[in-house]
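Structural overview
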Amino acid sequence: TEGKIITCKAAIAWGPGEELSVEDVEVLPPRAHEVRIKIYYTGVCHTDAYTLSGKDPEGAFPVILGHEGAGIVESVGEDVTSVKVGDHVVALYTPECRECKFCMSGKTNLCGKIRATQGQGLMPDGTTRFRARGKDILHFMGTSTFSQYTVVADISVVAVNAQAPMDRTCLLGCGITTGYGAATITAKIQSGDNVAIFGAGCVGLSVIQGAAQKKAGKIIVVDVNDSKEEWARKFGATDFVNPTKLSRPITDELIAMTDGGCDYTFDCTGNVQVMRAALESCHKGWGECIIIGVAAAGQEISTRPFQLVTGRVWRGCAFGGVKGRTQLPGLVEDYLQDKIKVDEFITHRFPLTEINTAFTAMKSGDCIRAVVDT
Ligand code: NAD
Ligand code: AHE
Ligand code: ZN
């Protein structure tokens, strides 16, 4: 198949708000510094649903969504040295070129090299590698994993230990790594720190996992869904609060529970009111609120500036602050050595033909992660 167009199945989003259509797509060969991957498994993340809904200002159609994928390298274009045919890989929506201002800064995992074209749904040369019904189909987040084959930039993929099952490693491509990294790399939780996590989905549960590993003090989980308490405790939460069942604001409750406020709080809901409550639950003088949730276009956060004047900090991160090519292989090793949980997150499985059902399942309260077998 090397050098040839591959015809395979992909789930195409033809327009905002429409169901995905599983149909034939042509996947062109990788050009210089590009990699064609046979995708075996992909997770479905709320960010895919967000872009499909039409609320993402960067959303463009028709497109192949999906950014939580694992597979095997089928072929590589010229000048690709970082991966080779047969490598087991995870796609990276946060690339790592190791030479741009961002990568060289030592201050962020964001990479600037291909961000502009990635946001337009194009490969770095400004064109697309997908065609269906005679039309060009756009890429998504530089990954497009809802396809049996995809093409990505060589800086947007990392080889990992082939012993690790790909239906698990795919989840390290977004949700699990995002929460775990937010706790351990972005917040750098220290032993004894009191933390509060708003939202116990895949991302929030992964923050709990990171906090527990760093031996945080109180690990308080805040969720409006009572059935999340059992999940939260399984991952190491010490306390669970349902804010709808309190007689006082959640901020007052958390400040009382932690003798003045939390050292770190995490928004894993994408709700801007929650983001405010999370900031205002931080300890005066030093507490930091980490924004992880993605809020729709037009949504804004607000608080009294006094909250910041008195030392609370609003921070945010993408992909947990994790540098994909440098740090993801280590997370896969940690999984293989039972140092981080991954299997436990999988609550639903679907074939690619039922990907719309996977989206429905994701939006139900009992789904942590749905894995699609492509
Ligand atoms: P999820 O829907 O599975 O989990 C969200 C949880 O929040 C649910 O348990 C829900 O009951 C709870 N919740 C909703 N409203 C609440 C409220 N007002 N107060 C308390 N709890 C509330 O979602 P997820 O997959 O864990 O993702 C969480 C968010 O993170 C999404 O917005 C997603 O788009 C975003 N995300 C961001 C990144 C990043 O890199 N920054 C990566 C992955 C996901
Ligand atoms: N296009 C959206 C941005 C959405 C967003 O913030 N995406 C996160 C990853 S979410 C993964 O589930 C991200 O990586 N952001 C950093 C970046 O460079 O996009 C919008 O709202 O405009
Ligand atoms: Zn995601």
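Scoring rules and cut-offs
- Residues numbered from 1 in each chain as written.
- Chains lettered and ligands numbered in written order.
- Predicted model: local features only at pLDDT ≥ 70, side-chain atom pairs only at ≥ 80, totals over all residues.
- Near = placed C-beta within 6 Å.
- Helix = DSSP H or I, 4+ residues; strand = E, 2+ residues; numbered from the N terminus.
- Nonpolar A, V, L, I, M, F, W, Y, C, P; charged D, E, K, R; others polar.
- Domains from an automatic or database assignment.
- Buried ≥ 20, exposed ≤ 12 C-beta atoms within 10 Å, placed from the backbone.
- Pairing = 2+ DSSP bridges.
- Right-handed = clockwise from strand over helix to strand, strands pointing away.
- Axes fitted to C-alpha atoms, helices over the stretch in contact; angles between N-to-C directions.
- Contact = placed C-beta atoms within 7 Å.
- pLDDT = per-residue confidence, 0-100.

So, on to the site of ligand 1. Ligand 1 sits among 30 residues. The nearest are Gly199, Gly201, Val203, Gly270 and Gly293. Within the residue set of the shell around ligand 1, elements represented by two or more residues are helix H1 (46-53), helix H5 (175-186) and helix H6 (202-213). Along the lines of polarity and charge, the residues of the shell around ligand 1 split into 16 nonpolar, twelve polar and two charged. When residues are assigned to domains, the shell around ligand 1 turns out to be shared by domain 1 (6-173 + 342-373) and domain 2 (179-317), each giving three or more.

This part takes up the pairing of strand E13 (residues 264-267). Neither face of E13 is exposed, since Tyr264 and Phe266 on one face and Thr265 and Asp267 on the opposite face are all buried. In terms of strand pairing, strand E10 (residues 195-198) meets E13 through four bridges, oriented parallel. Looking at the pairing, Phe198 lines up with Asp267 of E13. For E13 and strand E14 (residues 288-291), the ladder comprises four bridges, and the chain directions are parallel. Its bridge partner being in E14, Thr265 is matched across the sheet by Cys289. Read as a crossover between parallel neighbours, the route from E13 over helix H9 (residues 272-280) to E14 is right-handed.

With respect to topology, four strands assemble into an open sheet ordered E1-E2-E6-E7, the strand pairing being antiparallel. Looking at which strands have only one partner, the edges of the open sheet turn out to be strand E1 (6-12) and strand E7 (135-137). Strand-to-strand, the axes of this sheet are offset by a mean angle of 45°, without reference to chain direction.

Reading across from one edge, E12-E11-E10-E13-E14-E15 is the order of the six strands in this open sheet, with parallel pairing throughout. At either end of the open sheet lies a strand with only one pairing partner, and these are strand E12 (239-241) and strand E15 (313-316). Taken pair by pair, the neighbouring strands of this sheet meet at an average axis angle of 20°, ignoring direction. Seen against the sheet, H6 touches E10, strand E11 (219-222) and E13 and runs at an angle of roughly 170° to E11.

Contacts to ligand 2 come from Cys45, Thr47, Asp56, Pro57, Glu58, Thr94, Arg115, Cys174, Val294, Ala318 and Phe319. In the shell around ligand 2, the residues fall into six nonpolar, two polar and three charged.

This part covers the domain arrangement of the chain. The domains assigned to the chain are domain 1 (6-173 + 342-373) and domain 2 (179-317). Between the C-alpha centres of domain 1 and domain 2 the distance comes to 29 Å. Taken together, the residues of the side of domain 1 that touches domain 2 break down into four nonpolar, two polar and four charged.

Okay, the confidence of the model for the chain next. Of all residues in the chain, 100% attain a pLDDT of 70 or more, and the chain-wide mean is 98. With a pTM of 0.98, the predicted complex shows an ipTM of 0.98.

Within the secondary structure, Lys363 is located in helix H12 (residues 355-363). With 9 C-beta atoms counted inside 10 Å, the residue Lys363 sits in the exposed group.

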